[in-house]
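Residue-level listing of the chains:
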Amino acid sequence: MTSPIRTSYTLIPHQKYRRSCRHCNKFGNILDTDSLSLSTLGNFKALPLEIFQMVLEYIPVKDISMLSMVSKTISSRLINYISTPTGNKRLLLQDFHNSEQSGNRKGLSMQEHYRSLGLLLKRCTLLLPTKERLKYIHKILSEISCFKLSGCSDPLHCSGLQCYGVFLQTLTAGWDELECHRVYNFLCELSNLPRRMQTAVSSKPGSARKLELRIRIFCRSVLFNPWVHPSDSAFWLTRILKPWPMVYQARLLYIIFGPASNLDGHVLWQKMTEGPTDETSLKGLADAIKLLYDPEAKEWTADDVISLVDELAVVPQEWIMENSARFLILCGNNICFTFMASKAVNGRAIDLARMVVFLALVCEKDLYCMDWSVKMMQKVCKVFNTSGERNNFLQSVENAFAHIVMDALQSVISGEHEEEDSSFLNLFHLVNAQANFHKEILYLTMSKNT
């Protein structure tokens, strides 16, 4: 049943009109408490401003944020308090290099403190347009050098950017994408992030090590680690990568998520080309790729992500096949299959066959179920249009096993004494991988015939 149309309601002014009315006043006018009505202060109106601010010293930051929502007058007094030397000293803690990361006198950690501060400033600036909110918050935080991309002399042992990330996450929680776009643009303007990224990705890998480290720490601490939902992380990662061509996207991914030294934090550019690496070195890159492949990352197609994976595997030079296989396994079934299917469609059966061998090798080394690699090969076989193409691919897999085992044997025979153990161990894993791979094929074949 259709309800009658009402004509006697009060029209709510359009949001843009409300903001334009506020925008005509400078933010400083909002801080002018003399022009505000005292009637909304309640019992606090009996207190001089100095006493009111002294009372705030004994109230937890989280409770102050609740107090800010009582009235516009109280909110303005709180904004005024934040800007005072006393408020700055109380709220803008900067003990970021303390190994114990002690918080305020109530025992809160630094990150918890800045989460509460983010909530306070979120509520105090609730009525302001996004642009004005960001300007005011920057004015408050501009004196904290450890919140800047290049502001800390020891970023590797500083928790400042982590606190800044938690602060921003709390501040922007619930904001729509357009507002978050403005936040990212604002961050780029303050930190000159695009120009610094341009310098890092266009330089020879490792020649700007300090800059690479700062970009890595800033992006991970501020834009990724604080976020709980993958869709949020995918949004910020997309903002970072999308302005750049594919080759630069791959380099940025490696700088931000690639393997790094445990001693000085610098990016290990040759890690993927010098020899087999472990899952820890590849997990960050794989998680980033999975974020972009997720359906919620609407600005990325499957072809975009697979092309990025292909490009990433040659940064800074072509990775050894074992590392590429281990990376695909960590990326998950869907990405691994799509990557291999694209090779099948493009007629790269020999490359695909070698990849199957190294998938089996990684399953053997890392103790994954070998039937996974067999089922992946079986699934890829269905991509080929004709039985001839499929048979040619299977023959290529067998040839690849033979060639790779012979190469490993040759390495054992001709290798230096100090390399004998690792070469022999690699040959051992290869032979076992081949045996277990074919065992799974026999199981699969026999189960169908019985």
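Counting from 1, residues in each chain are numbered in the order their sequence is written. Residue-level local features of this predicted model are given only where pLDDT is at least 70; pairs of side-chain atoms are given and counted only at 80 or more, and the full residue set underlies all totals for whole chains, interfaces and linings. Note: side-chain values were computed over all heavy atoms of the structure, leaving out hydrogens and water.

Topic: the overall build of the chain
At step 1: The helix count covers DSSP runs of H or I at least four residues long, the strand count covers runs of E at least two residues long, and both are numbered beginning at the N terminus. Secondary structure summary: the chain contains 23 helices and zero strands in total.
At step 2: Evaluated residue by residue, the chain yields a buried proportion of 46% over its 450 residues.
At step 3: Contact between two residues is taken to exist if any of their heavy atoms lie within 4.5 Å; hydrogens are not considered. Here the analysis covers contacts within the chain between residues at least 6 apart in sequence; of these, 70% occur between residues at least 24 apart.
At step 4: Total accessible area computed for the chain in this model is approximately 24,100 Å², and 54% of it derives from carbon and sulfur atoms. Exposure classes here rest on a 1.4 Å probe applied to the protein chains alone. A residue is buried below 20% of its type maximum, exposed above 50%, and partly exposed in between. In these tables, accessible area is a Shrake-Rupley quantity obtained with a 1.4 Å probe, and a residue counts as shielded only by the protein chains included in the view.

Describing helix 13 (residues 230-241)
At step 1: The end-to-end C-alpha separation of helix 13 is 16 Å, in line with the 16 Å expected for twelve residues at 1.5 Å each.
At step 2: Along helix 13, nine of the twelve residues are buried, which leaves the element largely enclosed by surrounding structure.
At step 3: Turning to helix 13, its buried residues number three or more, namely S233, A234, F235, W236, L237, T238, R239, I240 and L241.
At step 4: On its buried face, helix 13 is in contact with helix 10 (177-191), helix 11 (193-202), helix 12 (209-224), helix 14 (246-257) and helix 16 (279-293). To estimate how far a helix should extend, the number of its residues minus one is multiplied by 1.5 Å.

Observations regarding a nonpolar patch on the surface
At step 1: Like-charged residues within 9 Å of one another, or nonpolar side chains (Val, Leu, Ile, Met, Phe, Trp, Tyr) within 5 Å, are grouped into patches, provided each residue has over 30% relative accessible area and no salt bridge. Here, a salt bridge means any side-chain nitrogen of Lys or Arg that lies within 4 Å of a carboxyl oxygen of Asp or Glu. A cluster of nonpolar side chains, namely I51, M54 and V55, defines an oily patch on the protein surface of about 240 Å² accessible area.
At step 2: Positionally, I51 belongs in helix 3 (residues 49-56).
At step 3: For I51, a relative accessible area of 36% translates into the label partly exposed.

Examining the pattern of salt bridges
At step 1: Inspection of the entire model under this criterion finds ten salt bridges.
At step 2: Two residues, R209 and D264, come together in a salt bridge whose shortest N-O distance is 3.4 Å. With R209 in helix 12 and D264 in the loop between helix 14 and helix 15 (271-274), this pair connects stretches of sequence that are 55 residues apart.
At step 3: Overall, the relative accessible area of 41% leaves R209 in the partly exposed class.
At step 4: Here D264 falls in the partly exposed class, since its relative accessible area comes to 29%.
At step 5: A salt bridge links R348 to D310; the shortest N-O distance between them is 4.0 Å. Here the residue R348 occupies a position in the loop between helix 19 (333-345) and helix 20 (349-365), and D310 occupies one in helix 17 (residues 302-312), the gap between them amounting to 38 residues.
At step 6: With relative accessibility at 33%, the residue D310 sits in the partly exposed group.

Re the packing of aromatic side chains
At step 1: Aromatic pairs are defined between Phe, Tyr and Trp rings, using the six-membered ring for Trp, whenever the two ring centres lie within 6.5 Å; interplanar angles under 30 degrees are classed as stacked, those over 60 as edge-to-face, and all others as tilted. In total, this model carries 13 aromatic pairs according to the counting rule given.
At step 2: Between F224 and F257, the aromatic rings sit 5.2 Å apart at their centres with planes inclined by 55 degrees, giving tilted as the arrangement. Note that F224 is positioned in helix 12 and F257 in helix 14, a separation of 33 residues in sequence. Of the two residues examined, F224 and F257, each falls in the buried class.

A few points about the packing of helix 8 (residues 130-141) against helix 10
At step 1: What counts as an axis is a line fitted to C-alpha atoms, over the stretch in contact for a helix, and the angles between N-to-C directions run from 0 to 180 degrees. At a closest axis distance of 10 Å, the pairing of helix 8 and helix 10 adopts a crossing angle of 40 degrees. Of the two possible hands of crossing, helix 8 and helix 10 adopt the one that is right-handed. Judged by residue contacts, T130, L134, K135 and H138 of helix 8 engage E179, R182, V183, F186 and L190 from helix 10.
At step 2: Gly is put with the polar residues, along with every residue not named as nonpolar or charged; the nonpolar set is Ala, Val, Leu, Ile, Met, Phe, Trp, Tyr, Cys and Pro, and the charged set is Asp, Glu, Lys and Arg. Residues belonging to the contact of helix 8 with helix 10 are distributed by class as follows: four nonpolar, two polar and three charged. With the far helix as reference, a near helix turned anticlockwise by less than a right angle produces a left-handed crossing, and one turned clockwise produces a right-handed crossing.

A word on the environment of S373
At step 1: Considering the arrangement of structural elements, one finds S373 in helix 21 (residues 370-381).
At step 2: Its relative accessible area of 2% is what places S373 among the buried residues.
At step 3: Leaving out residues up to four positions away in the same chain, S373 has contacts with L359, A360, C363 and F437.

A short note on the packing of helix 5 (residues 72-83) against helix 7 (residues 110-124)
At step 1: Between helix 5 and helix 7, whose axes approach to 10 Å, the crossing angle comes to 130 degrees. Classified by the interaxial angle, the pair formed by helix 5 and helix 7 is oblique. As for how helix 5 packs across helix 7, the hand of that crossing is left-handed. The residues of helix 7 that touch helix 5, namely those facing S75, L78, I79 and I82, are L120, L121 and C124.
At step 2: When grouped by side-chain class, the residues that make up the contact of helix 5 with helix 7 number six nonpolar, one polar and no charged. An angle counts as roughly parallel when it lies under 35 degrees, as roughly antiparallel when it exceeds 145, as roughly perpendicular when it falls between 65 and 115, and as oblique in every other case.

Regarding helix 8
At step 1: The first and last C-alpha atoms of helix 8 sit 16 Å apart over twelve residues, in line with the 16 Å expected at 1.5 Å per residue.
At step 2: Considered for burial, the residues of helix 8 that qualify are T130, E132, R133, L134, Y136, I137, I140 and L141.

Regarding the nonpolar core
At step 1: Counting 138 residues, the largest nonpolar core has Y114, F167, I240, L253, F327 and M340 as the members making the most contacts within it.
At step 2: Among the elements that line this core, the one with the most residues is helix 20, at eleven residues.
At step 3: In contact with L253, other than residues within four places in its own chain, are L237, L241, G258, L285, A288, I289, L308 and L312. Among buried residues, those of type Ala, Val, Leu, Ile, Met, Phe, Trp, Tyr and Cys that are joined through side-chain atoms within 4.5 Å constitute a nonpolar core.

Observations regarding unusual backbone geometry
At step 1: For the bond from V315 to P316, the omega torsion is -5 degrees, close enough to zero to count as cis.
At step 2: Along the polypeptide, P316 turns up in the loop between helix 17 and helix 18 (321-331).

Notes on the state of the cysteines
At step 1: Pairs of cysteine sulfur atoms within 2.5 Å are identified as disulfides in what follows. What the rule picks out here adds up to zero disulfides.
At step 2: Cysteine C219 is unpaired, with the sulfur of C188 as its nearest cysteine sulfur at 8.8 Å.
At step 3: Considering cysteine sulfurs only, C363 is the nearest to C369, which forms no disulfide, with 8.2 Å between them.

Points about the environment of L187
At step 1: Note on placement: L187 falls in helix 10.
At step 2: Taking the C-alpha atoms as reference points, L187 and K148, separated by 39 residues in sequence, lie 9.7 Å from one another.
At step 3: Setting aside its immediate chain neighbours within four residues, L187 contacts Y164, L168, N192 and L223.

Some words on the confidence of the model for the chain
At step 1: As a per-residue measure, pLDDT reflects the predictor's confidence and takes values from 0 up to 100. Scored by pLDDT, the chain comes out at a mean of 87, with 86% of its residues at no less than 70.
At step 2: Counting interchain partners and residues more than four positions distant, the pLDDT-below-50 stretch residues 1-36 has 21 contacts.
At step 3: Note that pLDDT drops below 50 for residues 101-108; the model gives that stretch 15 contacts with residues more than four away or on any other chain.

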